[in-house]
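Residue-level structural notes
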Amino acid sequence: MKTKHTLLTLALLAGVALPAPVLAAASPKLKAEVAAGIDARAKLAATMVDQVFSYAEPGFQEVKTSEYLCDILEKNGFKVTRGVAGIPTAFTATWGEGGPVIALGSDIDGLLGLSQYPGSPQIKPMVEGAPGHGEGHNSGMPLMVVAALALKDTMTKNGIKGRLMLWPGVAEELLATKAYYVRAGMFKDVDANIFVHVGRDLGTSWGPAGNNGMVSVEYTFKGKTAHAAGQPWDGRSALDGVEIMDTAWNFRREHLPITQRSHYVITNGGGQPNIVPGTASVWYYFRENTFKSIRELYELGNTISQAAAMATGTTVSHKVLGYAAPNFGNKPMAEAAYENFKLAGLPKWTATDQAFAKAMQTANGQKLEPLTTSLKPLSTPGERGASTGGGSDDIGDIMWTVPTITIRYPSNIPNAIGHNVQSAIAMATPIAHKGVVVGAKAVAMTVLDLMTTPKLLADAKTYFKDVQLKTDTYDPVLGPDDKPAIWLNTDVMNRLRPQMEKFYFDPSKYGSYLEQLGIDYEKVANTPVTPPTK
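Criteria and thresholds
- Residues numbered from 1 in each chain as written.
- Predicted model: local features only at pLDDT ≥ 70, side-chain atom pairs only at ≥ 80, totals over all residues.
- Heavy atoms only, no water.
- Phe/Tyr/Trp six-rings, centres within 6.5 Å; stacked < 30°, edge-to-face > 60°.
- Helix = DSSP H or I, 4+ residues; strand = E, 2+ residues; numbered from the N terminus.
- Buried < 20%, exposed > 50% of the residue type's maximum accessible area, 1.4 Å probe, protein only.
- Lys NZ or Arg CZ within 6 Å of the ring centre and 35° of its normal.
- Pairing = 2+ DSSP bridges.
- Axes fitted to C-alpha atoms, helices over the stretch in contact; angles between N-to-C directions.
- Contact = heavy atoms within 4.5 Å.
- Parallel < 35°, antiparallel > 145°, perpendicular 65-115°, else oblique.
- Left-handed = near helix turned anticlockwise from the far one by under 90°.
- Nonpolar A, V, L, I, M, F, W, Y, C, P; charged D, E, K, R; others polar.
- Expected span 1.5 Å × (residues − 1).

1. A word on the packing of aromatic side chains
- Across all of its chains, the model carries 21 aromatic pairs by this definition.
- Between the aromatic rings of Tyr-55 and Tyr-504, the centroid separation amounts to 4.9 Å while the plane-to-plane angle is 90 degrees, which identifies the pairing as edge-to-face. One end of the pair, Tyr-55, is in helix α3 (residues 42-55); the other, Tyr-504, is in the loop between α15 (490-500) and α16 (513-517), with 449 residues separating them in the sequence. In this pair, the class of Tyr-55 matches that of Tyr-504, namely buried.
- Ring pairing ties together the aromatic residues Trp-206, Phe-291, Phe-328, Trp-400, Tyr-463 and Tyr-474, which thus form one cluster.
- Positioned above the aromatic ring of Tyr-117 is the side chain of Lys-124, whose terminal nitrogen or guanidinium carbon lies 4.7 Å from the ring centre.
- Here the guanidinium or amino end of Lys-331 rests over the ring plane of Trp-206, the centre of that ring lying 4.6 Å away.

2. Overview of the sheet that holds strand β7 (residues 213-222)
- An order of β8-β9-β7-β10 is seen for the four strands of this open sheet, with the pairing classed as antiparallel. A single partner strand is all that each edge strand has here, and the edge strands are β8 (261-268) and β10 (315-324). Direction aside, neighbouring strands of the sheet carry axes that sit 20 degrees apart on average.
- Pairing analysis gives seven bridges linking β8 to strand β9 (residues 279-288), with the strands arranged antiparallel. Bridge pairing in β9 links Tyr-264 to Tyr-284.
- Contacts between helix α7 (residues 238-252) and the sheet are confined to β7, β8 and β9, with β9 contributing the most and set at about 20 degrees to the helix.
- On the sheet, helix α8 (residues 291-312) packs against β7, β8, β9 and β10 and is oriented at approximately 10 degrees with respect to β7.

3. Description of the packing of helix α9 (residues 331-344) against helix α13 (residues 430-452)
- Their axes nearest at 8 Å, the elements α9 and α13 cross at an angle of 130 degrees. Classified by the angle their axes make, α9 and α13 are oblique. Judged by the sense of rotation from one axis to the other, the crossing of α9 with α13 is right-handed. Packed against α9, whose contacting residues are Met-333, Ala-336, Ala-337, Asn-340, Phe-341, Leu-343 and Ala-344, the element α13 presents Val-438, Lys-441, Ala-442, Met-445, Thr-446, Asp-449 and Leu-450 at the interface.
- Broken down by class, the residue content of the contact of α9 with α13 amounts to ten nonpolar, two polar and two charged.

4. Focus on helix α5 (residues 140-158)
- Here α5 spans 27 Å end to end across 19 residues, near enough to the 27 Å set by a 1.5 Å rise per residue.
- Residue Gly-159 follows α5 closely and has a positive phi angle near 65 degrees.

5. A few points about the environment of Pro-347
- When you line up the elements, Pro-347 lands in the loop between α9 and α10 (351-363).
- Accessibility expressed as a relative area gives 9% for Pro-347, which makes it buried.
- With 38 residues separating them along the chain, Pro-347 and Ala-309 place their C-alpha atoms 56 Å apart.

6. Brief notes about unusual backbone geometry
- Of note in this structure, Phe-60 is not a glycine but carries a positive phi near 70 degrees.
- Of note, Phe-60 is situated in the loop between α3 and α4 (63-75).
- Positive phi is not limited to glycine here, since Ala-85 has a value of about 60 degrees.
- Considering the arrangement of structural elements, one finds Ala-85 in the loop between β1 (79-82) and β2 (91-97).
- What makes Ala-85 partly exposed here is its relative accessible area of 24%.

So, in structure tokens, the structure goes:
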């Protein structure tokens, strides 16, 4: 069933008259030239993908990853500014003069507990309990770097005026930085932004993406300690406050719209059982599909936390740890990008690539589906239908600041579970490398269109102003005193980094990460695997 907001959005999308889209505006010669520049950097792309995979750093701890990418960009003539928006691992890298400013970004953080040997169809952690790239974020910035380097050459050779700005998505899995980027004014001079995310196909979309925005908030209850057996009546349990809040929220869920998603973890449950907990904390993600409904869900959480504190004789405070706006893609940019997908084509998968994908699916009990070999239609609001909610991505904050699209590129295996070690298995193999090269071509060709065709850029801005901003108003749940939660994951990496360092990729000694790990990709791909028992 379509919501009132969805119906309004679809009506606006259908009813606003825009100029006919300008497609494939840059010349075929320019696009062939930039594609050749990316092909010439295929080895660099693969090395970067493998290197970042080996670092496997979670949100706010992407220290080695950030240093590595910044060094490459600086050596290639980009001006790098580190620590932007008060975030140590965030940066901008700029090059060019005159003309429009096109921003290029992707995420760089890994996920906790998803350490995994690449090229192993079976689950096999490299360091037990360590982070890993089970979302494939090791591949996006390498894609953007090779696209930018090829663009730099083509623009210089052909006298094309314009500026590139590369930026990383730090701590995306915590949805914790892009709203701060916007607040810091990182995109105030940007004309358009292209974002990329790893996928199983080559695609993009326009209009409301159908996912949810989100606010991340931690509630901390304060009580009074006492001997839990000798004099419990003198204590006030902060953990009781947490548990009553969670129970109340779970009862209230039944009466919330089906578009909402909410989940939590208890981050501090007290010290030991014989002490009434004086402090306890619970961390919530509240997700909804409009700015208004996100804020209402957040305020409901605050109300329930206060009620739980009153019920338990404790006090409660809350701290916003992150925010993500609903996603909304730019139509003229998406249509131009889709035409470039046809030129970039899909990867030329080998029999070994297909065999490896099948081995991974078989070993993990997933539906067998080959690596993609055909381009899917452009995703539109009418084709997607009404949303019933889902995940979040804080690229939405930038989408509501400047005309933006997200391009998916085929560097992972169909039917691998997201946020799972299955999604790490292919991410430092030829499958990931080939998908990155194709994605880089699609990005670079679309940038050339934007750089050389003022009408395309004007249409993108018209759509942003006259269509997108008519459907909703950017309203992030960030207070003036809220700051990026840069302390998160510090303890994890202090404990595990020494073990993880032993697995860092050394491209001066090995041609690929699989070679360094002693993994024979072709042999593994063609070795029969046993499906899991049910």
